[in-house]
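This is what each chain is made of:
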Amino acid sequence: MKLLEARGLSVFYGDLQALFDIAVAVEPGQTVALIGANGAGKTTFLKSIAGLIASKRGSIAFEGAEIGALPAEQIARLGLTLVPEGRLLFQNLTIEENLLIGAYTGRKGYWNLGRVYELFPAMAARGREMPFVLSGGEQQMVAIGRALMANPRLLLADEISQGLAPVVVDQIYKSFPAIRAEGTSIIIVEQEVRRAAAASDYTYCLLKGRVTLEGRSKDLSFDQLSHAYFGA
Amino acid sequence: MVWLDLLINGICLGGLYGVLGVGLALVIGVMRFVNISHGEFIVMASFLGVYVSALLPGLNPLWLLVPVAVVFFFVGYGVQAVLFNRVVTAPDFLAPILLTFGFSIVLQNVMFESFGTDVRALTAGGLARQSIAIGSVSIGVLPLITLALAILFFVVLQLVIARTGFGRAIRATADNRDVARLMGIKPTRIFNITMGFALALAAVAGLLLAMRATFTPFSGLSNLLVAFEVIVIGGFGSFWGALLGGFLLGVAQLVGLYFDPDAGIFYVHLAFFAVVLFRPQGLMGIKLP
């Protein structure tokens with residue numbers, strides 16, 4: 001059984017259609033990359049999977065159960081967690097409180113406060129500080145840690161390297177094997193094609209709301225990818 | 001010594017004003033929702049207090065605080081769940097104002113139909129007349145109890161919001177509803193409980209107010225006015241600001257009455273006006289603790 005399977009997924013913003021008949025599948029344990037230019041519909045896709053967009057058609061199955069009609073808070077309880085674009089840490093909460101609130105669903109598993117601090121040691125000493133003191137990369141670590149606290153089966157990471165220095169991005173990508181090792185599958189949304197392909201097992205390329213290319217990441221050539229990416 | 005007397009009694013009264021405002025401040029802070037009918041709920045609690053104490057003669061009305069607050073917690077939870085949640089996320093900012101304004105008129109008229117327009121008060125028995133003398137200053141026992149309760153409520157509310165998991169969920173929801181949902185938090189449930197707390201505090205204010213002043217079914221508006229002034233002076237959404245704002249208004253009222261016995265709460269509004277003129281952002285910040 002697939003972990004996630006979206007079929008015929010179309011999403012609408014009022015009269016505007018943002019996604020057209022998307023079919024995406026994630027196997028258990030897999031890392032899937034979703035690439036595409038600005039406005040291709042990557043964020044829209046993740047948001048609709050996570051239940052933040054109600055106006056959609058098609059089917060979304062998570063661990064075999066249809067979740068397309070569920071609200072975001074119920075989907076979160078099933079073990080599907082979104083790291084939103086721009087991190088969006090809670091500014092009223094300390095860093096540690098941001099992590100703790102990730103465990104609100106009470107899902108049991110490997111991840112807890114101590115393990116997240118092991119994964120991102122730099123955060124351990126800063127739990128009592130407020131998020132605005134952190135650099136972009138550190139905020140991203142807290143955002144990922146917050147999502148891990150829910151012990152998700154599937155982690156959706158939106159624009160994970162947006163606005164971050166390459167060194168910092170490396171550091172964040174280095175945390176993925178540890179996350180996968182604990183049985184969590186990942187969908188990475190990324191604009192940097194090469195990095196996404198290298199970090200994933202399977203790649204989907206979106207262009208203007210449609211899947212223009214998909215395949216095992218190591219089988220896709222850079223030419224294929226850039227063609228699908230730009231539609232040229 | 002007159003000044004000390006006015007100051008201390010003004011602070012006691014101000015504690016009550018703080019409780020009057022803090023429920024409203026809590027709701028505004030958590031769900032960006034202005035409940036115009038907040039004052040009517042205060043009056044309804046006063047009526048409930050009057051009727052229950054008529055049924056149980058001789059009972060010190062302070063004993064009613066907890067049961068009435070519990071009743072109003074559930075009233076708040078229910079009203080939010082059934083009615084207010086329909087407009088909390090409305091894109092039109094007028095929708096919550098129109099709904100709660102209309103609801104306040106409905107409540108006023110229900111109270112008017114049920115209880116008439118007689119002026120009422122909750123008699124606190126001997127407690128209302130007792131006072132302790134410290135040096136040459138005389139402080140009423142009831143105002144002192146009111147102040148102690150007000151401070152207790154502020155401390156408890158602060159602790160709940162700042163230290164508990166539920167408080168964390170409240171702050172997260174206040175910050176960003178959608179991201180809170182991604183954590184598995186159901187915002188409408190948070191809103192229901194928040195309104196429950198807000199109206200429980202309103203009920204406490206209503207009982208304490210009825211022990212020191214008279215009221216009619218139409219007193220809600222002046223309660224709302226004071227509640228608004230308290231939180232605007234304090235700075236929107238700041239709990240401790242609301243208490244400080246209450247103190248300032250209480251002292252202003254008693255000092256005003258000392259010099260001008262017919263002034264009523266004119267000097268309360270004057271103090272409010274002065275703060276808005278010279279410190280429009282309020283005494284304290286705009287953030288939740």
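Residues numbered from 1 in each chain as written. Chains lettered and ligands numbered in written order. Predicted model: local features only at pLDDT ≥ 70, side-chain atom pairs only at ≥ 80, totals over all residues. Heavy atoms only, no water.

This paragraph deals with the overall build of chain A. Per the secondary structure count, chain A includes 10 helices and 10 strands. Relative to the globule expectation of 17 Å for 232 residues, the C-alpha radius of gyration of chain A, 17 Å, shows essentially globular dimensions. Considered along the principal axes of its C-alpha atoms, chain A spans approximately 50 × 35 × 35 Å. Taken across its 232 residues, chain A has 56% of its residues classed as buried. Taking the contacts inside chain A whose residues are at least 6 apart along the sequence as the reference set, 69% of them involve residues at least 24 apart. Surface exposure of chain A reaches about 9,700 Å², of which carbon and sulfur atoms provide 52%. Here chain A contributes 23 positively and 23 negatively charged side chains, and the mean placements of these two sets differ by 1 Å. (Helix = DSSP H or I, 4+ residues; strand = E, 2+ residues; numbered from the N terminus. Rg over C-alpha atoms; globule rule 2.2 N^0.38 Å. Buried < 20%, exposed > 50% of the residue type's maximum accessible area, 1.4 Å probe, protein only. Contact = heavy atoms within 4.5 Å. Areas by Shrake-Rupley, 256 points an atom, 1.4 Å probe, with all protein chains shown as cover. Lys, Arg positive; Asp, Glu negative; His and termini not counted. Charge placed at Lys NZ, Arg CZ, Asp CG, Glu CD.)

What follows deals with the sheet that holds strand β9 (residues 202-207) of chain A. Residues and elements named next belong to chain A. Taking strand neighbours across the sheet as the criterion, the six strands line up as β6-β7-β8-β3-β9-β10 in an open arrangement whose pairing is mixed. Two strands in the sheet have a free side with no partner beyond their single neighbour: β6 (80-83) and β10 (210-216). Shown here is a sheet whose adjacent strand axes are inclined to one another by a mean of 15 degrees, direction ignored. Relative to β9, strand β3 (residues 31-35) runs parallel, the two sharing four bridges. (Pairing = 2+ DSSP bridges. Axes fitted to C-alpha atoms, helices over the stretch in contact; angles between N-to-C directions.)

Across the boundary between the two partners, chain A contributes 23 residues, which contact 20 residues of chain B. It is F90, N92 and Y104 of chain A in chain A that bury the most area against chain B; as a group they hold 33% of the surface buried on that side. Put simply, chain A and chain B have two salt bridges between them. Where chain A meets chain B, there are six residue pairs in polar contact (both at pLDDT 80 or more). Elements with a minimum of two residues in the side of chain A that touches chain B: α2 (72-78) and α3 (95-102) of chain A. (Buried area = accessible area lost by both parts, 1.4 Å probe. Salt bridge = Lys/Arg side-chain N within 4 Å of Asp/Glu carboxyl O. Polar contact = N/O pair within 3.5 Å; in protein donor to acceptor, adjacent residues only side chain to side chain.)

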